[in-house]
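Topology and contacts: notes
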Amino acid sequence: MFYTIDILGTIAFAISGVLVAINKKMDLFGILIIGFVTAVGGGTLRDILIGQTPVSWMQDITYTYVILGSAIFAMLFRSYINYLRTSLFLFDTIGIGLYTVVGIEKGIHAGLHPVICIALGTITASFGGVIRDILSNEIPVIFRKEIYATACIVGGITYFLVRMFPLDDNFVFLLSAGIVILIRILAVKFKIGLPTIYKD
Amino acid sequence: MFYTIDILGTIAFAISGVLVAINKKMDLFGILIIGFVTAVGGGTLRDILIGQTPVSWMQDITYTYVILGSAIFAMLFRSYINYLRTSLFLFDTIGIGLYTVVGIEKGIHAGLHPVICIALGTITASFGGVIRDILSNEIPVIFRKEIYATACIVGGITYFLVRMFPLDDNFVFLLSAGIVILIRILAVKFKIGLPTIYKD
Amino acid sequence: MFYTIDILGTIAFAISGVLVAINKKMDLFGILIIGFVTAVGGGTLRDILIGQTPVSWMQDITYTYVILGSAIFAMLFRSYINYLRTSLFLFDTIGIGLYTVVGIEKGIHAGLHPVICIALGTITASFGGVIRDILSNEIPVIFRKEIYATACIVGGITYFLVRMFPLDDNFVFLLSAGIVILIRILAVKFKIGLPTIYKD
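So, a few notes on the structure that sits alongside this text. Model, not experiment: these values are computed from the prediction.

1. Brief notes about the nonpolar core
One finds Trp57 and Met58 of chain A, Trp57 and Met58 of chain B together with Trp57 and Met58 of chain C to be the most contacted residues of the largest nonpolar core, which totals 115 residues. No other element matches the 7 residues that helix α2 (residues 28–50) of chain A contributes to this core. Ranked by size, the runner-up nonpolar core spans 52 residues in total, among them Ile31 and Leu88 of chain A, Val18 of chain B together with Ile134 of chain C.

Encoded structure:
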């Protein structure tokens, strides 16, 4: 089941990259690449930082096929994708929740401090979008106005708090991912952003 | 012989970086760095992704000297470099062909899936130019209008198709690199680009 | 003592990142991240290039706490930070000197050529600022007008020259770091920059 959600998250991330690239008037190859790095960027940086190489997407060809398929789909049906916007947002948000906890658990496995594990989970969930924006020559959107990483961090703290109790591992996993998802949905629904401290 | 071509490719990549940096009014150090990352960026990312560290250019000082020499040459003779443009394009293109196949073979050696190997070859050949453009605050040129990665991908597919026959390894290597080079030359000669799908 | 200076350098780097992010109107999370990558970016790239993973900041939680503290401090007292500008510059410069030599010694430990070690030291000292500028969508400042990397390179050459004599390791370390610091201070004091070779 986790694998299915993981694939759904990958699809959503890939499509979000493809849409940005189309807006930037990139060619077919640029669109594919931006879709690809948006989907795998976070996990790739995570694997490089902890030294788990070859990085994950290189060891499971499924991701590549899923991303290629999503990119082709998004390019063909780009006019209709607005109708899918809610579904895409949901996939994307589920992907973020899942990626956060996957990253945390990889950090624990590598023997890292809980705070570092939470950072690693946040990187896994958010860095794909950061690379997407850098390659598109924009200041990364998550630095500007979205509660995104904050959701990951709160979910990560939840993970370590809940883990102190004798609970089932799957439950801890799902609860923490759920917190990330919930915060993200509420933030978007009620247009909550982190304050900027800049004043004119 | 491969080593010689490799060095010629390195020179061409370094000079292409230097010329971009000069246009961006960077200082001497900036010019050197952009020349350097353009030349070694692709191989460096490849080595990091598959976990072959310290990365290649750190283990063979020749590359560093060649790049420094090329950068100094390009700075001194920048007014005359237009006359060399055809030679440079040829070096660059040969470098791309070679780097693609080198990347593929490193992927095979790491036990990766053919599709991933082709991706790795393409990264090796094209990522130096991507970093050059990011550091110069531009949307990477290969995402916008050049048939570049496409040539690498077709060459990579050729490699795996031809390899199914009982042929000499060197022949497979040269044929695949040759396909990359041929596509790139034809694309530039006939001004072929990938379509963008953006419409106003 | 080295550890104390290292921490002071980390603080200065973090604060420099925070100030840039505030000017770019980023939100709280963006400010924290830019502060973080400015402080740890150079060491992270160094560790990845030589394959020493998990990267350093993941193995010593102190850096994370120091950076978080510095970021909060800089955000709270940003109006007064102008009064601290000289102290900050000094920390930053000491940090650069120290980071350069730390990077060189890691390169020696990994069995690399002296020239590569100097490159590694320069990367350690300067790459945090490069990432800071890329994430803020600017051409990295060190490519444009500051004698910064040059100071690292001269300090690195000093290190290998002095090391040929039978001197105490700590003395070699401090002398080389001192050269980096001295050049940087003189360059800023007398507004010395590297020439650009661009002409209209």
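Here the narrative resumes.
2. Quick notes on the relation of the copies chain B and chain A
Superposition record for chain B on chain A: RMSD 0.0 Å, screw rotation 120 degrees, translation along axis 0.0 Å. The relationship between the two copies is best expressed as a three-fold rotation axis. Here only 9% of the interface residues in chain B have copies in chain A that are interface residues too; the copies meet through unlike faces.

3. Concerning empty space enclosed by the protein
In total, this model carries 2 cavities of 30 Å³ or more according to the counting rule given. Estimated volume of the largest cavity: approximately 80 Å³. Lining the largest cavity are Ile134, Asn137 and Glu138 of chain A, Ile134, Asn137 and Glu138 of chain B together with Asp133, Ile134, Asn137 and Glu138 of chain C. In this structure, the second largest cavity encloses a volume near 50 Å³. Taken together, 13 residues form the lining of the second largest cavity, with Phe13, Thr38, Thr124, Ala125 and Gly128 of chain B sitting closest to its centre. When contributions to the lining of the second largest cavity are tallied by element, the ones reaching two or more residues are α2 (28–50) and α6 (114–135) of chain B. Looking at the lining of the second largest cavity element by element, the count peaks at 6 residues for α6 of chain B. Taken together, the residues that form the lining of the second largest cavity break down as 6 nonpolar, 7 polar and no charged.

4. Thoughts on the packing of helix α7 (residues 149–162) of chain A against helix α8 (residues 169–189) of chain A
Residues and elements named next belong to chain A. Viewed as axis vectors pointing N to C, α7 and α8 meet at an angle of 155 degrees, and their least axial separation amounts to 8 Å. With respect to α8, the element α7 is oriented roughly antiparallel. Two packed elements cross with a definite hand, and for α7 against α8 that hand is right-handed. When α7 is examined against α8, the residues Ala151, Cys152, Val154, Gly155, Thr158, Tyr159 and Val162 are found in contact with a partner set consisting of Val172, Leu175, Ser176, Ile179, Val180, Ile183 and Arg184. Among the residues making up the contact of α7 with α8, the classes are represented as 10 nonpolar, 3 polar and 1 charged.

5. Remarks on the relation of the copies chain A and chain C
Once chain A is rotated about the relating axis by 120 degrees and shifted along it by 0.0 Å, it coincides with chain C to within an RMSD of 0.0 Å. Different-surface contact between copies: only 9% of interface residues of chain A are shared with the interface of chain C.

6. Observations regarding the interface of chain B and chain A
Counting residues at the interface gives 32 residues for chain B, matched by 28 residues for chain A. At the boundary of chain B with chain A, total buried surface from both sides reaches about 2,500 Å², with 74% on carbon and sulfur atoms. Taken together, the links from chain B to chain A amount to 0 salt bridges. Across the contact surface, chain B and chain A share 1 residue pair in polar contact (both at pLDDT 80 or more).

7. Re the packing of aromatic side chains
Residues and elements named next belong to chain B. A complete count under the given rule lists 12 aromatic pairs over all chains for this structure. With a centroid separation of 5.0 Å and an interplanar angle of 80 degrees, the aromatic rings of phenylalanine 36 and tryptophan 57 are classed as edge-to-face. Taken together, the residues span a long stretch of sequence, with phenylalanine 36 in helix α2 and tryptophan 57 in helix α3 (residues 56–59) at a distance of 21 residues. With respect to burial, phenylalanine 36 and tryptophan 57 carry one shared label: buried.

Analysis parameters
- Residues numbered from 1 in each chain as written.
- Chains lettered and ligands numbered in written order.
- Predicted model: local features only at pLDDT ≥ 70, side-chain atom pairs only at ≥ 80, totals over all residues.
- Heavy atoms only, no water.
- Core = buried A, V, L, I, M, F, W, Y, C linked by side-chain atoms within 4.5 Å.
- Buried < 20%, exposed > 50% of the residue type's maximum accessible area, 1.4 Å probe, protein only.
- Helix = DSSP H or I, 4+ residues; strand = E, 2+ residues; numbered from the N terminus.
- Least-squares fit on C-alpha atoms with pLDDT ≥ 70 in both.
- Contact = heavy atoms within 4.5 Å.
- 1 Å grid on protein atoms, 1.4 Å probe; cavity = no way out; pocket = protein on both sides within 12 Å on 5 of 7 lines; lining within 4 Å.
- Points joined across faces, edges and corners; volume = space filled by probe spheres on them.
- Nonpolar A, V, L, I, M, F, W, Y, C, P; charged D, E, K, R; others polar.
- Axes fitted to C-alpha atoms, helices over the stretch in contact; angles between N-to-C directions.
- Parallel < 35°, antiparallel > 145°, perpendicular 65-115°, else oblique.
- Left-handed = near helix turned anticlockwise from the far one by under 90°.
- Buried area = accessible area lost by both parts, 1.4 Å probe.
- Salt bridge = Lys/Arg side-chain N within 4 Å of Asp/Glu carboxyl O.
- Polar contact = N/O pair within 3.5 Å; in protein donor to acceptor, adjacent residues only side chain to side chain.
- Phe/Tyr/Trp six-rings, centres within 6.5 Å; stacked < 30°, edge-to-face > 60°.

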